[in-house]
Amino acid sequence: MTSQRARDRLVAKLQEEGIRDDRVLEVIRNLARHHFIDQALHSRAYENTALPIGHGQTISQPWIVARMTEALIEKYVPERVLEIGTGSGYQAAVLAGIVPQVYTVERIEELLRQARRRFRQLGIENLRSRHDDGKLGWPAEAPFDAIILTAAGDRIPTKLLEQLKPGGVLVAPVGSPSQQVLVRLTKDESGDVIREELGPVSFVPLLGGIG
């Protein structure tokens with residue numbers, strides 16, 4: 001269940017469900033998702049479903065990882081991407097297979113420690129991580145060409161929008177636990193933000209502070 005054949009079946013499923021970007025599909029085909037979950041769940045690693053990773057968090061459904069990545073790189077491949085919510089590290093690893101530099105912030109120290117170990121084991125070198133409140137972003141490394149959030153809040157934190165370059169793209173779930181929508185915000189050269197809604201989603205809540 002952790003073979004290349006299982007990954008190929010997952011990619012075929014994603015294509016059936018509307019994922020079209022070959023760059024995204026190829027990274028998912030080659031990235032071993034079972035490394036990002038507990039061994040007891042390895043048999044389910046290539047199902048198109050979210051799975052628990054502890055601390056009340058989940059590794060996102062492969063379709064949503066693919067869709068968010070596709071939305072982020074649709075217009076151009078950004079040089080520097082900030083991810084809020086490292087979690088298992090899977091979304092960051094997918095991004096690192098496409099963009100030159102990924103920065104990721106996680107508020108739960110134990111999850112970040114596990115993700116860092118996975119990044120080292122997989123030899124992912126174009127990725128930097130930080131234990132901090134994701135709502136604050138990573139000011140010392142700002143501005144970013146793109147930002148992606150893997151948890152949902154009622155609105156996008158102002159500090160994150162401030163860290164997005166003019167011309168940059170932000171992809172995030174927004175809304176209440178019972179009603180969320182995936183949005184793509186594009187900041188134009190004058191600093192105004194254009195909002196697109198990409199469809200309903202379901203994510204864990206975006207929390208502040210560190211743990």
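For the structure, check the block above.
Reading the values: the criteria
Residues numbered from 1 in each chain as written. Predicted model: local features only at pLDDT ≥ 70, side-chain atom pairs only at ≥ 80, totals over all residues. Heavy atoms only, no water. Helix = DSSP H or I, 4+ residues; strand = E, 2+ residues; numbered from the N terminus. Expected span 1.5 Å × (residues − 1). Buried < 20%, exposed > 50% of the residue type's maximum accessible area, 1.4 Å probe, protein only. Contact = heavy atoms within 4.5 Å. Polar contact = N/O pair within 3.5 Å; in protein donor to acceptor, adjacent residues only side chain to side chain.

Enquirer: Hey, could you run me through unusual backbone geometry in this one?
Expert: With an omega dihedral of 5°, the bond running from A142 to P143 counts as a cis peptide bond. Relative to the helices and strands, P143 is located in the loop between β5 (127-131) and β6 (144-149). The backbone phi angle of H55 is positive, close to 60°, even though this residue is not glycine.

Enquirer: For this particular structure, what's the right way to read helix α3 (residues 62-73)?
Expert: For an α-helix, the turn length of 3.6 residues means that residues three or four places apart are oriented alike. For α3, spanning 12 residues, the distance from its first C-alpha to its last is 17 Å, which sits close to the expected 16 Å at 1.5 Å a residue. Buried residues dominate α3, accounting for 11 of its 12 residues. Within α3 the residues assigned to the buried category are P62, I64, V65, A66, R67, M68, T69, E70, A71, L72 and I73.

Enquirer: Just checking my understanding: could you explain the environment of E141 for this structure?
Expert: Assignment of secondary structure puts E141 in the loop between β5 and β6. Remark: the alpha-carbon pair of E141 and K165, spanning 24 residues in sequence, is separated by 12 Å. Setting aside residues up to four positions removed in sequence, E141 forms contacts with R80, Y103 and R128. Among the polar contacts listed, one links the side chain of E141 to the side chain of R128, at a separation of 2.7 Å.

Enquirer: Looking at this model, I keep getting lost on the environment of E17. Mind explaining?
Expert: Note that E17 resides in the loop between α1 (4-16) and α2 (22-30). Classification of E17 by relative accessible area gives partly exposed; the value is 34%. The spatial distance from the C-alpha of E17 to the C-alpha of E125 is 31 Å, given a sequence separation of 108 residues. Apart from the residues lying within four places of it in its own chain, the contact partners of E17 are N48 and W63.

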